[in-house]
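Residues per chain, in single letters:
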Amino acid sequence: MRSFVLKSFLFLLVLGVLAAGAFVAFPGLKYELYRKLPPKIRWNISYALTDKFVVGMVYFVERNNQLLLVRHTYQDKWSLPGGWVERNESFEESARRELREELDIKIDDFEVLEVDKVPRSGIINIAIRGRLKDKQVAIRDGEIYGYRFFDLHRLPEDVIYTHKPYIKRYLDARRPPRQLPVEEPAPPSPPERQSPVP
């Protein structure tokens, strides 16, 4: 039995070395072989060899120039409402589901503001803006213990540090562009008078 296992191992090792040598000698060979595989196997290979990401979302929910912030039971600071995108959900579907599940609200004027890769992590965050459709907000999730609408120019200082850059970019984008002073052109000088030649 040991002999069979050893021979099988050596056979697979030699086969692997030969395959690696063939791929080095003929770089296009691996792509040719890949194209010949059935689509499902190609997809499984691509899925296994690519990076994986978790997609999170932060929501900018507006009401009368106010921004909704929440407090979670596991944090002592304000934050934007947020959640995770589930498999086969669009960004809009995910935002609507999360906000309904957590705060029993619906949003209109849905807009993707930015997509951002969190450094040194497998997380992609998407910032979403929407206008509150409902008049009432009701906490429906045990993770949230408070919420409040803040005037955009009077947001609290105690916001979690990961959401501060999103909020800053959001507020900067809402400000009208700064008008540069326009210099008035100087009036044309009157034509010089020539004295008559005697």
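Residues numbered from 1 in each chain as written. Predicted model: local features only at pLDDT ≥ 70, side-chain atom pairs only at ≥ 80, totals over all residues. Heavy atoms only, no water.

Student: So what's going on with the overall build of the protein chain? Which residues, and what values?
Tutor: The helix and strand inventory of the protein chain stands at five helices and seven strands. Helices (α) and strands (β) of the protein chain occur, in sequence order from the N terminus, as α-α-α-β-β-β-β-α-β-β-β-α. Among the 198 residues that make up the protein chain, the fraction classed as buried is 27%. If you take every contact in the protein chain between residues at least 6 apart in sequence, the share linking residues at least 24 apart comes to 63%. (Helix = DSSP H or I, 4+ residues; strand = E, 2+ residues; numbered from the N terminus. Buried < 20%, exposed > 50% of the residue type's maximum accessible area, 1.4 Å probe, protein only. Contact = heavy atoms within 4.5 Å.)

Student: Tell me about the side chain of Arg97, and name the residues and values.
Tutor: Secondary-structure assignment places Arg97 in helix 4 (residues 91–103). A relative accessible area of 10% means that Arg97 is categorised as buried. Among the polar contacts made by the side chain of Arg97, one reaches the side chain of Glu89 at a distance of 2.5 Å. For Arg97, the side chain forms a polar contact with the side chain of Glu98, separated by 3.3 Å. (Polar contact = N/O pair within 3.5 Å; in protein donor to acceptor, adjacent residues only side chain to side chain.)

Student: With reference to specific residues and values, describe the pairing of strand 1 (residues 54–63).
Tutor: In terms of burial, strand 1 is a largely internal element, seven of the 10 residues being buried. With nine bridges joining them, strand 1 and strand 6 (residues 123–132) adopt parallel strand pairing. Across the sheet, the residue bridging to Val55 is Ile124, located in strand 6. Relative to strand 4 (residues 82–84), strand 1 runs antiparallel, the two sharing three bridges. Opposite Met57, over in strand 4, you have Gly83 as the bridge partner. (Pairing = 2+ DSSP bridges.)

Student: How would you explain the nonpolar core if you had to name every residue and give the values?
Tutor: One recurring pattern in soluble globular proteins is that nonpolar side chains are buried together. By size, the foremost hydrophobic cluster in this structure holds 16 residues, and its most contacted members are Tyr59, Val61, Leu99, Leu103 and Ile105. If near-sequence neighbours (up to four positions away) are discounted, Leu99 is found in contact with Tyr59, Val61, Pro81, Asp104, Ile105 and Ile107. Trp78, Leu80, Leu152 and Leu171 belong to the second-largest nonpolar core, a separate cluster that totals 15 residues. (Core = buried A, V, L, I, M, F, W, Y, C linked by side-chain atoms within 4.5 Å.)

Student: Can you explain the packing of aromatic side chains? Please cite residues and give values.
Tutor: In this structure the tally under the stated criterion is two aromatic pairs. When the ring of Phe60 is compared with that of Tyr170, the centres are 4.1 Å apart and the planes differ by 20 degrees; the resulting orientation is stacked. With Phe60 in strand 1 and Tyr170 in helix 5 (residues 164–174), this residue pair connects regions lying 110 residues apart in the sequence. Where Trp78 meets Phe150, the ring centres are 5.1 Å apart and the plane angle is 80 degrees; that geometry is what we call edge-to-face. (Phe/Tyr/Trp six-rings, centres within 6.5 Å; stacked < 30°, edge-to-face > 60°.)

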